[in-house]
Amino acid sequence: MNTQNIEYNITGHTVLTGLLGSPVSHSVSPAMHNLAFRMLGLDYVYLCFDVGTDHLKEVTDAMKLMGVRGFNCTMPDKNLMCELCDELSPAAQLIGAVNTVLVEDGRLIGHNTDGIGYMQAVKDAGFDIIGKSMTLLGAGGAATSIAVQAALDGVKSINIFSIRDQFFGRAERLAESLTATTGCRVMLYDMADQEALKKSIAESEILTNATSVGMAPNTDRCLIPEASWLRKDLIVSDVIYNPRETKLLSLAKSAGCRTCNGMYMLLYQGAAAFKIWTGRDMPTEAVKEKYFV
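These figures come from a predicted structure and were not determined experimentally.

### Here's the deal with helix H6 (residues 141-153)
Inference 1: Helix length check: H6, at 13 residues, gives a terminal C-alpha distance of 18 Å against a target of 18 Å (1.5 Å per residue), a fit within 8%.
Inference 2: With respect to burial, H6 is a largely interior element, eleven of its 13 residues being buried.
Inference 3: Restricting attention to buried positions, one finds in H6 the residues Gly141, Ala142, Ala143, Thr144, Ser145, Ile146, Ala147, Val148, Gln149, Ala150 and Ala151.
Inference 4: Note on H6: the residue one or two positions beyond its end, Gly154, has a positive phi of about 115°.

### A closer look at the sheet that holds strand E2 (residues 44-50)
Inference 1: Across the sheet, which stays open at both edges, the six strands sit in the order E2-E1-E3-E5-E6-E4 with mixed pairing between neighbours. Pairing within the sheet leaves two strands with one partner each, and these edge strands are E2 and strand E4 (87-88).
Inference 2: Pairing between E4 and strand E6 (residues 107-111): two bridges, direction parallel. Bridge pairing in E6 links Leu88 to Gly110.
Inference 3: Contacts from helix H1 (residues 29-39) reach strand E1 (15-21), E2 and strand E3 (70-73) within the one sheet, and its direction differs from that of E2 by about 170°.

### Structural notes on the side chain of Thr135
Inference 1: Take Thr135: it is sitting in strand E7 (residues 133-137).
Inference 2: Setting aside its immediate chain neighbours within four residues, Thr135 contacts Asn159, Phe161, Leu197, Ser200, Ile201, Ser204, Ile206, Leu207 and Thr208.

### Some points on the sheet that holds E7
The strands that make up a sheet are held in pairs by hydrogen bonds between backbone atoms, and each pair lies either parallel or antiparallel.
Inference 1: The strand order across the open sheet built from six strands is E9-E8-E7-E10-E11-E12, with neighbouring strands paired in parallel fashion. Of all strands in the sheet, those with a lone pairing partner are strand E9 (185-190) and strand E12 (258-260), marking the two edges. Strand-to-strand, the axes of this sheet are offset by a mean angle of 15°, without reference to chain direction.
Inference 2: Relative to strand E11 (residues 235-238), strand E10 (residues 206-209) is paired through four bridges, and the arrangement is parallel. Looking across to E11, one finds that Asn209 is bridged to Asp238.
Inference 3: Sitting on the sheet, helix H9 (residues 247-254) touches E10, E11 and E12, and the angle it makes with E11 is about 165°.

### A short note on the packing of helix H5 (residues 114-124) against helix H10 (residues 263-278)
Inference 1: Look at H5 against H10: their axes get within 7 Å of each other, and the N-to-C directions meet at 130°. Comparing their axes, H10 and H5 come out oblique. In the packing of H5 onto H10, the handedness of the crossing is right-handed. Taken together, the residues of H10 that come into contact with H5 (itself represented by Asp114, Gly117, Tyr118, Gln120, Ala121 and Asp124) are Tyr264, Met265, Tyr268 and Gln269.
Inference 2: Here the residues of the contact of H5 with H10 sort into five nonpolar, three polar and two charged.

### A word on the state of the cysteines
Inference 1: All told, the structure shown has zero disulfides when counted by the stated rule.
Inference 2: Not part of a disulfide, Cys257 finds its nearest cysteine sulfur in Cys222, a span of 11 Å.
Inference 3: Residue classification places Cys257 among the buried positions, given a relative accessible area of 9%.
Inference 4: Just so you know, Cys260 is unpaired, no disulfide at all, and the nearest cysteine sulfur is the one on Cys257, 12 Å from it.
Inference 5: Judged by relative accessible area, Cys260 falls into the buried class, the value being 13%.

### Focus on the pairing of E1
Inference 1: Across the seven residues of E1, five count as buried, placing the element largely inside the fold.
Inference 2: Bridge count for E1 against E2 is seven bridges, and the pairing is parallel. Within E2, the position partnered with Leu16 by the bridge is Val45.
Inference 3: Between the parallel pair E1 and E2, the chain is carried across by H1, and the sense of this crossover is right-handed.

### Concerning the pattern of salt bridges
Inference 1: On inspection of all chains with the given rule, the structure shows 13 salt bridges.
Inference 2: Put simply, Lys64 and Asp86 hold a salt bridge, and the shortest N to O gap is 3.9 Å. Note that Lys64 is positioned in helix H2 (residues 56-66) and Asp86 in the loop between helix H3 (78-84) and E4, a separation of 22 residues in sequence.
Inference 3: Overall, Asp86 belongs to the partly exposed group, its relative accessible area being 39%.
Inference 4: Here Lys78 makes a salt bridge to Asp114, at a shortest N to O gap of 2.6 Å. A residue pair is termed long-range when its members are at least 10 positions apart, and Lys78 in helix H3 and Asp114 in helix H5 qualify at 36 residues. Here Lys78 matches Asp114 in class, with each residue buried.
Inference 5: Overlapping salt bridges, with partners in common, bring together Lys57, Asp61, Lys64 and Asp86 in one network.

What counts as what
- Within any chain, residue numbers begin from 1 and follow the written order of that chain's sequence.
- Side-chain atom pairs in this predicted model are given and counted only at pLDDT of 80 or more, local residue features only at pLDDT of at least 70, and totals for whole chains, interfaces and linings cover all residues.
- Side-chain measures were taken over the full set of non-hydrogen atoms in the model, leaving aside hydrogen atoms and water.
- Helical segments are the DSSP runs of H or I of at least four residues, strand segments are the runs of E of at least two, and each set is numbered from the N terminus.
- How far a helix is expected to stretch is found by multiplying one less than its residue total by 1.5 Å.
- Buried means the residue's accessible area, taken with a 1.4 Å probe over protein chains only, is under 20% of the maximum for its type, while exposed means over 50%, and partly exposed covers the values in between.
- Strands qualify as paired when DSSP identifies two bridges or more between them.
- In this analysis, two residues are considered to be in contact whenever any of their non-hydrogen atoms come within 4.5 Å of each other.
- Axis angles are defined between N-to-C directions and span 0 to 180 degrees, where every axis is a line fitted to C-alpha atoms and, for a helix, only to the segment in contact.
- In this scheme, roughly parallel covers angles under 35 degrees and roughly antiparallel covers those over 145, while 65 to 115 is roughly perpendicular and the rest are oblique.
- Each crossing gets its handedness from the near helix: less than a right angle anticlockwise from the far helix is left-handed, clockwise is right-handed.
- Just so you know the grouping, Ala, Val, Leu, Ile, Met, Phe, Trp, Tyr, Cys and Pro go in nonpolar, Asp, Glu, Lys and Arg go in charged, and all remaining residues, Gly too, go in polar.
- Pairs of cysteine sulfur atoms within 2.5 Å are identified as disulfides in what follows.
- By definition, the crossover connecting two strands over a helix is right-handed if that path, from the first strand to the second, turns clockwise as seen with the strands pointing away from the viewer.
- Whenever a carboxyl oxygen of Asp or Glu lies within 4 Å of a side-chain nitrogen of Lys or Arg, that contact is scored as a salt bridge.

Everything listed here is a matter of coordinates, which is why it stays silent on function.
Here is the structure:
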């Protein structure tokens, strides 16, 4: 579809949606959502707001008062947003983090679409990980949502590696809960245990970085020390999309691995958010052609 000449004007009735987080200036979300709004003739607009956790409550309270339709949350706001919502979807409640909020009748309804986006992105890249083993780096909001959705979708086992930060205890409880309630065996390890990490990667079908390590502007960082840890038939994915090729993905390509970055995860989690706010399906193929190729 030709998207070059689609006109769009802000009116007195334009509905506001957007993104909260810090940093957010690099985000492609405004481009993809605003194109989708224009293509469907919706009088909506999507903007970015650089808001950290220190002022998140004040900003979300203001959004309720202003009649904003909804917004996305990115790092570092996802976990705190879970506490600020008036209601949570079952997925958001299980994950303990929110990336999409619907504002309805002055109430904040929290959702989490990250895991859906990730699993669809892996499938789109041509990889079948159902019934396979995963090594997952991180235990924050994105990592938790991936672990939950992967377990629900039928991944056989997930080894989560995390630093011993504020998320570690929650990750322990999540691993126990998913193992007990799904057919997936989920284990948690300390990221400092390099031997366990190396062994897990060797026994996994897919290695996924769900941390911010390697994200712009700190693009020289990587949680895997050397390419010898990786093998040719390993899938390596990264939730980061800026840069499109992180140091991890560059290392993986040098080892002959199959890779995918966070761009399509962003597209599909955004499409789910779009449906929550508008009730319409995002024209994902056109958005993909315009911004993700």
